[in-house]
Amino acid sequence: MSLLTGSANCIKYVLFAFNLVLLITGIILIAVGLGVATVYNEYEIFLASKFFSIPTFLIVIGSFIIIISFFGCWGALKENYCLILTFSVLLGIIFILELSAGISGYVLRSDAESLIKVTLTDSLGKYNNTKVDEVTVLWDYVQKTFTCCGVNSYKDWVNKFNDKLPLSCCSLPNGVVGEFSCTTNNEDSNRYSNGCLTEFSNYIAAHAVSLGAAGVIIAILQFFGVLFSCYIAREIKIRNGISGFVG
């Protein structure tokens, strides 16, 4: 027989439904974290370690959310004070961690350009046109993908190759047969005019924002879950005549 009546009993079922939603949000967090981590892994050489910490953190949080949602569901249905109290405390901790991760995502967005500038500048000097390695491959891929050349402009390559540029700095004209040159010549209309720093950092920062948005929005949703669970725990405590914190 249910110990709760009226509004308390209604909120009990609201809490149960909330936990089903919570389960879905946990899955969403894992999906967002994995998605962004996959994008970041593609450009791992150009990114500082802190870019990988937030998506990993959200994946871990999402996993914990899925686990604790079962505490909430079972506790709400059984009207078990200890289970609901445990759920409330754990959800409160997750709320703080998730909000912190969300804020960190937005902070990372503002720091993205300065962090990426350091790694791009450092890796540009490691570009090797005689012995192709992962740095060379990634630079060519970024320049082709973002139609850019160098860190700030094509001039970043001058000290390395004089008047010549990596072919990835130029768009290949239609109908080209045989050799093709990509140079610093001012009349070279095929050369990409923009540096890679701005476009690439904006792309990375946009994914950091998606992490921040996911963390903050779901944290706000969980805040109401903490309020509901605390209310239910209090009502069960009163109706069971439980004294003290855990009875």
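By the naming in an unreviewed UniProt entry, the protein is Tetraspanin, taken from Glossina pallidipes. Per its UniProt entry, the protein bears the Subcellular location (unreviewed entry) comment "Membrane". The record in UniProt for the protein states the following under Sequence similarities (unreviewed entry): "Belongs to the tetraspanin (TM4SF) family."

**Here we look at the confidence of the model for the protein**
In the predicted model, the protein carries a mean pLDDT of 81, and the fraction of residues at 70 or more is 87%. Taken element by element, the predicted model of the protein shows its lowest mean pLDDT in helix α1 (residues 6-42) (80) and its highest in helix α4 (residues 134-145) (93). Contacts for the low-pLDDT stretch residues 243-247, under 50 throughout, to residues beyond four places or in other chains number 10 contacts.

**Topic: the state of the cysteines**
Throughout the structure, instances matching the rule amount to three disulfides. Between the sulfur of Cys 149 and that of Cys 169 lies a disulfide, 2.1 Å long from S to S. Torsion about the S-S bond of the Cys 149 and Cys 169 cystine: about 85°, corresponding to right-handed handedness. Here Cys 169 lies in the loop between α5 (158-161) and α6 (196-240) and Cys 149 lies in the loop between α4 and α5, a separation of 20 residues in the sequence. Taken as a pair, Cys 149 and Cys 169 share a single burial class, namely buried. The disulfide partner of Cys 170 is Cys 182, and the gap between their sulfur atoms is 1.9 Å. Between Cys 170 and Cys 182 the sulfur-sulfur dihedral comes to about 80°; the bridge is accordingly right-handed. With Cys 170 in the loop between α5 and α6 and Cys 182 in the loop between α5 and α6, the pair connects residues that are 12 residues apart, well separated along the chain. You'll find Cys 170 and Cys 182 in the same group, each marked buried. Among the cysteines of the protein that take part in disulfides, numbered as they appear in the sequence, the pairing is 1-6, 2-3, 4-5.

So, how was this worked out
Residues numbered from 1 in each chain as written. Predicted model: local features only at pLDDT ≥ 70, side-chain atom pairs only at ≥ 80, totals over all residues. Heavy atoms only, no water. UniProt positions renumbered as here; feature names shortened; annotations may be inferred. pLDDT = per-residue confidence, 0-100. Helix = DSSP H or I, 4+ residues; strand = E, 2+ residues; numbered from the N terminus. Contact = heavy atoms within 4.5 Å. Disulfide = S-S within 2.5 Å. Buried < 20%, exposed > 50% of the residue type's maximum accessible area, 1.4 Å probe, protein only.

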